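The residues making up each chain are set out below.
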Amino acid sequence: MTIHTVRSGDTVFRIANQYGVPMQALAVANGLADPDRIIVGQALVIPGAEKNRGELTVNGYCYPTISEQALTDALPHLTFLSVFACHVAADGSLTPMRGDERAIERAKAANVKPHMVIANIEEGKGFQPDTVRALLESPAAQVRLLESCVRLMHEKGYTGLDVDFEYVPAAVRENLNCFLAKARAWMHDEGFLLTSAVPAKMADNQPGLLYEGFDFWAQGKYNDYVTLMTYDFSHQGGAPGAVAPIGGVRRAAEFAMSRMPKAKILMGIPNYGYDWKIPWQQGTSATVVNNPGAVAIAARQGANIEFDQAAQTPWFRYTQADGQAREIWFEDARSIRAKLLLARELGIAGISYWTVNLPFAANWTLVEGMFRVRKL
């Protein structure tokens, strides 16, 4: 696929003529609501499929509240739609999602497999290490959870279970392995797939609560697919930088490949960016931005978009009316293409988006131009 980086004096008309494509096709491929508003540094995908496209498994996480437009845009390009999330309690009880029926029905109509996500989340408090520890230390709680999952999945029409346990304490690492073994048996007996989301580890004994509870060998053994959460290298509460720098993504993917079958690995891709105050101060938090929204901010502020070659990620700075300086790092056609090329180079199963709730037309143009999306 060809990417055109907008230069001074470029117009959509001139770019379309340069590459011999219709203006309307160029605008649609890049989600340009106003083709007259392109800015220096913006990356545009030139539509057109590559020859000899390989297959790619594509998962997209979504919330039940996903807009109809975002759902319509994403579904043709997905293998799985993982709906987030049922909350798991320490005793194995399960709080079902509300309003997920629409996503399930639309997915199945589009030949996309809907997966039910379970997570050790407490409303308003995020992921809870103590919850998952208590659950994994209790065989009775695990049975209760799996019984509830199977019953709910049959009732709602899900085709797979995605386990998103985060901040798993090291003390229950083996317990998690045993739980996955049970979950695999239960799911396969019922005709369901089992998938999991895991942190972007770089070593078996990587320190930190985010990493210590995960045994990648067991994750690869028991799951049908594993999403590597290769994003938030620079996170909302941290200093400005690339959310998914290509070097970090590569190192995490290569480590995973050394511990689990590459035919099970889905490389995580962020469909968002962050907007930080600068100079950054410890304790401050960035604002989440969508990728087209970042370009719109640059256009309003008269900022030129830069591109970090090492991270393969776009960024820019601007100053608010009150004088506050800010810095945005996000994803564009160039950064997505770099990740898709890496997935192809490594020969892994595919990719997994967090999330498909936000619009990003250029992304889907790239996926379809470079690959055939696998339907199971």
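Note: the structure precedes this text.
Residues numbered from 1 in each chain as written. Predicted model: local features only at pLDDT ≥ 70, side-chain atom pairs only at ≥ 80, totals over all residues. Heavy atoms only, no water.

J.: Got a minute to help me understand the overall build of the protein chain in this structure?
T.: Within the protein chain, the regular secondary structure consists of 12 helices and 19 strands. Taken against the 2.2 N^0.38 rule, which gives 21 Å for 376 residues, the C-alpha radius of gyration of the protein chain at 21 Å falls within 12% of a compact globule. When the backbone C-alpha atoms are referred to their principal axes, the protein chain occupies close to 65 × 45 × 40 Å. A total of 376 residues make up the protein chain; the buried ones form 54% of that total. Here the protein chain carries 36 positive and 38 negative side-chain charges, and the mean point of each set is 5 Å from the other. (Helix = DSSP H or I, 4+ residues; strand = E, 2+ residues; numbered from the N terminus. Rg over C-alpha atoms; globule rule 2.2 N^0.38 Å. Buried < 20%, exposed > 50% of the residue type's maximum accessible area, 1.4 Å probe, protein only. Lys, Arg positive; Asp, Glu negative; His and termini not counted. Charge placed at Lys NZ, Arg CZ, Asp CG, Glu CD.)

J.: Would you explain the packing of aromatic side chains in this entry?
T.: As enumerated under the stated definition, the model contains 13 aromatic pairs in all. With a centroid separation of 5.6 Å and an interplanar angle of 70°, the aromatic rings of Tyr 274 and Trp 276 are classed as edge-to-face. When its relative accessible area of 4% is taken as the criterion, Tyr 274 is described as buried. Through pairs of rings, three or more aromatic residues link up here, namely Tyr 61, Tyr 63, Phe 84 and Trp 354. (Phe/Tyr/Trp six-rings, centres within 6.5 Å; stacked < 30°, edge-to-face > 60°.)

J.: Looking at this model, I keep getting lost on the nonpolar core. Mind explaining?
T.: Inside soluble globular proteins, nonpolar side chains tend to come together where they are buried. The biggest cluster of nonpolar side chains holds 83 residues, and the ones touching the most others in it are Leu 81, Met 116, Ile 118, Phe 165, Phe 179, Leu 340 and Ile 351. Ignoring any residue separated from it by four or fewer positions in sequence, one finds Ile 351 in contact with Leu 56, Thr 57, Val 58, Asn 59, Leu 266, Met 267, Ile 269, Leu 340, Ala 343 and Val 367. Ranked by size, the runner-up nonpolar core spans 17 residues in total, among them Tyr 61, Ala 119, Ile 121 and Val 243. (Core = buried A, V, L, I, M, F, W, Y, C linked by side-chain atoms within 4.5 Å. Contact = heavy atoms within 4.5 Å.)

J.: Please clarify how the state of the cysteines should be interpreted in this entry.
T.: In total, this model carries 0 disulfides according to the counting rule given. With no disulfide of its own, Cys 62 lies 12 Å from the sulfur of Cys 86, the closest cysteine sulfur. Here Cys 149 is not cross-linked by a disulfide; its sulfur's nearest cysteine counterpart is in Cys 86, at 7.2 Å. Of the residues examined, Cys 149 reaches a relative accessible area of 0% and is grouped as buried. (Disulfide = S-S within 2.5 Å.)

J.: Hey, could you run me through the environment of Leu 152 in this one?
T.: Structurally, Leu 152 is set in helix α6 (residues 139-156). Taking the relative accessible area as the measure of exposure, Leu 152 reaches 9% and is therefore buried. When the C-alpha atoms of Leu 152 and Gly 283 are compared, they prove to be 40 Å apart, with 131 residues separating the residues in sequence. Residues contacting Leu 152, with those up to four places away along its chain left out, are Cys 86, Leu 94, Pro 96 and Met 116.

J.: Looking at this model, I keep getting lost on the packing of helix α9 (residues 246-257) against helix α11 (residues 333-346). Mind explaining?
T.: When two helices pack together, their arrangement is given by the angle between their axes and by how far apart the axes lie. With their axes 11 Å apart at the nearest point, α9 and α11 run at an angle of 25° to one another. Taken together, the axes of α9 and α11 lie roughly parallel to each other. Both α9 and α11 take part in a crossing whose hand is right-handed. Listed contacts from α11 to Ile 246, Val 249, Arg 250, Ala 253, Glu 254 and Met 257 of α9 are Ala 338, Lys 339, Leu 342, Glu 345 and Leu 346. Residues belonging to the contact of α9 with α11 are distributed by class as follows: 7 nonpolar, no polar and 4 charged. (Axes fitted to C-alpha atoms, helices over the stretch in contact; angles between N-to-C directions. Parallel < 35°, antiparallel > 145°, perpendicular 65-115°, else oblique. Left-handed = near helix turned anticlockwise from the far one by under 90°. Nonpolar A, V, L, I, M, F, W, Y, C, P; charged D, E, K, R; others polar.)

Scope: geometric values only; no functional claims are made or implied.
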